[in-house]
Amino acid sequence: MTLLNKALSLIPFVSKQAARQGPPIRYMAGDRLLQPIGRNTEGYLRAYGELGWLFACVSRIAAAVSEVHWHLYQVRNGERKEVHSHPLLDLLDYANSFQTGEELFEASQQYLDLVGECFWVLNRNRVGVPAEIWVAPPQHMKVVPSKEKFISGFLYGTGEDAVPLETSEVIFLKYPNPSNPYRGLGPAQSIGVEIDTDLYAAEWNRKFFYNDASPGTVIVYPGTISDEEYERLRLQWDSRHRGALQAHKVAILDNSAKIERSVLSQQDMGFVDMRKLNRDTILGAFGIPLSVLGIVENVNRAN
């Protein structure tokens, strides 16, 4: 929650921050994020709704962050006094017309865990005080690098519909990314290979039950057969053995034909062990013990 605390400290309710000079070095924009081939920012956000263990970890952490009750204090002469009524507290209760404060923090933490970054867009009232906070989807936000100022602004959207935003309008939260200082790197991206592997394993397992004929089955004849005989055998096999409801039925073959299997089964692949390893890797990246998610396979009186 340190990043969210930092975000609150950046909201200028009392006075505008004095202008700062740029960084002492010239920064160059990174060319890509560190991620597996084929999975971009939007891909990791989509994986949240596709992989159960990823959903369990991210939603658990985000829900805990959203339940935190924030306090505001005023410090004078070394004495701290809690403030119970303030525009900032109202803003944290109702972030905007469509989101509560709890939804704001939950969505922000989800983005941080999935893609390592979150953008708060401030909507100010007539006197320049932030009246609303909107969470901008990071896949639609572009950081505009600057060699002198590090970041000169932001662009939301693409093409003619892109909306330019100044740095004073956006609070940019991110986890450090060693390969690209302009974008974040989240825990989910560090286990992209495990995420893809578990998704592919689940999809393979579903197709096994849905389309079992059985998988990789080869019917071998001692000699050659005609095209008509081949088509007859194919249609007969599909009608009697393809599909989950007809799996593992007895097949009777003629003309000295025999059946051979050409692919590995789940048992041959160590299917269960592989998925457990992926599960433990995903939980480990987020620092979630098995017991937190109700898994007690390694829990005993000793631990």
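Reading guide: rules and limits
- Residues numbered from 1 in each chain as written.
- Predicted model: local features only at pLDDT ≥ 70, side-chain atom pairs only at ≥ 80, totals over all residues.
- Heavy atoms only, no water.
- Helix = DSSP H or I, 4+ residues; strand = E, 2+ residues; numbered from the N terminus.
- Contact = heavy atoms within 4.5 Å.
- Areas by Shrake-Rupley, 256 points an atom, 1.4 Å probe, with all protein chains shown as cover.
- Pairing = 2+ DSSP bridges.
- Axes fitted to C-alpha atoms, helices over the stretch in contact; angles between N-to-C directions.
- Core = buried A, V, L, I, M, F, W, Y, C linked by side-chain atoms within 4.5 Å.
- Buried < 20%, exposed > 50% of the residue type's maximum accessible area, 1.4 Å probe, protein only.
- Phe/Tyr/Trp six-rings, centres within 6.5 Å; stacked < 30°, edge-to-face > 60°.
- pLDDT = per-residue confidence, 0-100.
- Parallel < 35°, antiparallel > 145°, perpendicular 65-115°, else oblique.
- Left-handed = near helix turned anticlockwise from the far one by under 90°.
- Nonpolar A, V, L, I, M, F, W, Y, C, P; charged D, E, K, R; others polar.
- Salt bridge = Lys/Arg side-chain N within 4 Å of Asp/Glu carboxyl O.
- Lys, Arg positive; Asp, Glu negative; His and termini not counted.
- Polar contact = N/O pair within 3.5 Å; in protein donor to acceptor, adjacent residues only side chain to side chain.

## Quick word on the overall build of the chain
Move 1: When helices and strands are counted, the chain shows nine helices and 10 strands.
Move 2: A sequence separation of at least 24 residues applies to 64% of the contacts in the chain between residues at least 6 apart.
Move 3: Accessible surface, the chain: about 19500 Å² in total, of which carbon and sulfur atoms supply 53%.

## Considerations on the sheet that holds strand β6 (residues 150–156)
Move 1: One open sheet holds the three strands; their spatial order is β5-β6-β7, and the pairing between them is antiparallel. The strands lining the two open edges of the sheet, one partner per strand, are β5 (141–146) and β7 (163–165). Across the sheet, the mean angle from the axis of one strand to that of its neighbour is 30 degrees, orientation sign disregarded.
Move 2: With six bridges connecting them, β5 and β6 associate as antiparallel partners. Among the inter-strand pairings, M141 is bridged to a residue of β6, identified as Y156.

## Things to note about the nonpolar core
Move 1: Counting 41 residues, the largest nonpolar core has L54, L114, W120, I195 and F286 as the members making the most contacts within it.
Move 2: Here this core takes six residues from helix α5 (residues 101–115), the largest share from any one element.
Move 3: Residues L165, V170, F172 and Y182 belong to the second largest nonpolar core, which totals 12 residues.

## Some details on the packing of aromatic side chains
Move 1: For the coordinates displayed, the defined rule picks out eight aromatic pairs.
Move 2: Taken together, a centroid distance of 4.8 Å and an interplanar angle of 35 degrees make the contact between Y48 and F55 tilted.
Move 3: The exposure class of Y48 is buried, given its relative accessible area of 15%.
Move 4: Classification of F55 as partly exposed rests on a relative accessible area of 40%.
Move 5: Measuring from ring centre to ring centre gives 5.1 Å for W70 and F105, while their planes differ by 25 degrees; the resulting arrangement is stacked.

## Topic: the confidence of the model for the chain
Move 1: Overall, the predicted model of the chain reaches an average pLDDT of 79, with 69% of residues at or above 70.
Move 2: Throughout residues 14–19 the model reports pLDDT below 50, and contacts reaching past four residues in sequence, or to other chains, amount to zero contacts.
Move 3: Segment residues 31–37 is flagged for pLDDT under 50; beyond a separation of four residues in sequence, or across chains, it makes 18 contacts in the model.

## What to know about the packing of helix α3 (residues 52–66) against α5
Move 1: Direction vectors running N to C along α3 and α5 enclose 140 degrees, while the axes themselves pass 8 Å from each other. When the axis of α3 is compared with that of α5, the two are oblique. Crossing hand, α3 versus α5: right-handed. When α3 is examined against α5, the residues L54, V58, I61, A62, A63, V65 and S66 are found in contact with a partner set consisting of E102, F105, E106, Q109, Q110, D113 and L114.
Move 2: Grouping the amino acids of the contact of α3 with α5 by side-chain chemistry returns eight nonpolar, three polar and three charged.

## What about the pattern of salt bridges?
Move 1: Counted by the stated rule, this structure contains two salt bridges.
Move 2: Note that E50 and R46 form a salt bridge whose closest N and O atoms lie 3.7 Å from each other.
Move 3: Here R183 ties to E117 by a salt bridge, and the two come within 2.5 Å at their closest N and O atoms. Remark: E117 occurs in strand β3 (residues 117–124) and R183 occurs in the loop between β8 (170–174) and α6 (187–190); sequence separation between them is 66 residues. Residues R183 and E117 agree in their burial class; the two are buried.

## Points about the side chain of E132
Move 1: Mapped onto the elements of the fold, E132 is located in strand β4 (residues 130–136).
Move 2: R124 is the oppositely charged side chain nearest to the buried, salt-bridge-free E132, at an N-O distance of 12 Å.
Move 3: For E132, the side chain forms a polar contact with the side chain of S97, separated by 3.0 Å.
Move 4: Separated by 2.9 Å, the side chains of E132 and N123 make a polar contact.
Move 5: Those residues in contact with E132 that lie beyond four places of it in its chain are L91, A95, N96, S97, V121, L122 and N123.

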